[in-house]
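A closer look at the structure
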Amino acid sequence: MGTTNFEEDKVMSCAACGIAEDDDIELKTCTACKSVRYCSVTCQKEHRSKHKRACKKRAAELRDEILFKQPESSHLGDCPICCLPLPIDHTKSNMMPCCSKIICAGCEYANFVREQEAGLKHTCPFCRHPMAKSEEEANRTNVKRAESSNDPAAIHRMGARCYNEGDYESAFEYFYKAAGLGSVTGHYMLLTMYRNGPGGIKKDKKKELYHLVEASIGGHPTARNNLGCVEEENGRLDRAAKHWIIATKLGDDIALSSLGVRYTRGLVEKDDYASALRGHQAAVDATESPQRD
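Summarised in this report is the structure supplied together with it. Only a predicted model underlies this, so the values are computations on that prediction, with no experimental measurement involved. (Residues numbered from 1 in each chain as written. Predicted model: local features only at pLDDT ≥ 70, side-chain atom pairs only at ≥ 80, totals over all residues. Heavy atoms only, no water.)

A look at the packing of aromatic side chains
Under the defined criterion, the tally for this structure stands at 5 aromatic pairs. Between Phe172 and Tyr176, the ring centres sit 6.2 Å apart and the planes meet at 25°, which makes this aromatic pair stacked. Within this pair, Phe172 and its partner Tyr176 are both found in helix 6 (residues 168-180), separated by 4 residues, close to a single helical turn. Taking the centre distance of 4.5 Å and the plane angle of 15° together, the rings of Tyr263 and Tyr273 count as stacked. Here Tyr263, found in helix 11 (residues 253-264), pairs with Tyr273, found in helix 12 (residues 270-286); they are 10 residues apart in sequence, far enough to count as distant. On the accessibility criterion, Tyr273 (18% relative accessible area) is buried. Counting every residue linked through ring pairs, the aromatic cluster contains Tyr163, Tyr168 and Phe175. The ring of Phe68 carries Lys242 above its face, with NZ or CZ at 5.1 Å from the centroid. (Phe/Tyr/Trp six-rings, centres within 6.5 Å; stacked < 30°, edge-to-face > 60°. Helix = DSSP H or I, 4+ residues; strand = E, 2+ residues; numbered from the N terminus. Buried < 20%, exposed > 50% of the residue type's maximum accessible area, 1.4 Å probe, protein only. Lys NZ or Arg CZ within 6 Å of the ring centre and 35° of its normal.)

Here you go:
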């Protein structure tokens, strides 16, 4: 009890001078470790030498808590119509240029059948906007949405189009903006560009790793699997296994294979492997429905 009170008192007072917080003094928390507070920038600077090591250690622990948290689903989320998780196989879903919603193939097909039977015009399954009659029209719709609503999905799609056309500088700008707005796939494309350096983009290992981590935290299975490979190359097999387990539980087959190989070599515990197998099957089952078959 005494230790708890002591720790609480430390949080309620400046870590440097010991002054307590009151109506006139507002303490600000260390943004890195979240464990100590200061009454001023001066006190924070004076205390830095004493706090640096503990701060760095606690900040790394907090980062790992975020990094190794199992996402509820992949970065794709759920189909907004049937509300089932979207398959990580991109051939089984499609993004609508009018509203940037990713619709599963089952719901898209059901909408098509409904329209055919009722003699209706082909519209978006989600927002009912008339579907583009050509790729050029779809691109115009996407550009308009990206510019008018700052939609990260639409911006990423513009980046992907530029990338496929070989305009890597413009692609990089779009991916960077999309990532800044929360696009996980934006982070993933940035890491590939920092790794491969297409079209004169400067390679940067540090930035590549940063975006690899951000994409992994966002639920990107391929990024998570690749991060496991990076950790293995660095000799941190325990961390590598954690990444592969997370990716496997998102339904990623490559991560499952990576995990299986390490299990046969005795590098992964039996219980962890069994849990990952169950998680993989559950993730796959969650994406299935009679409508999608």
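A word on the pattern of salt bridges
Evaluated as defined, the whole model comprises 12 salt bridges. A salt bridge links Arg37 to Glu21; the nearest nitrogen and oxygen atoms lie 3.1 Å apart. One end of the pair, Arg37, is in strand 2 (residues 37-38); the other, Glu21, is in the loop between helix 1 (2-11) and strand 1 (28-29), and 16 residues separate them in sequence. Judged by relative accessible area, Arg37 falls into the buried class, the value being 13%. (Salt bridge = Lys/Arg side-chain N within 4 Å of Asp/Glu carboxyl O.)

Don't take any of this as a statement about function, it's just geometry.
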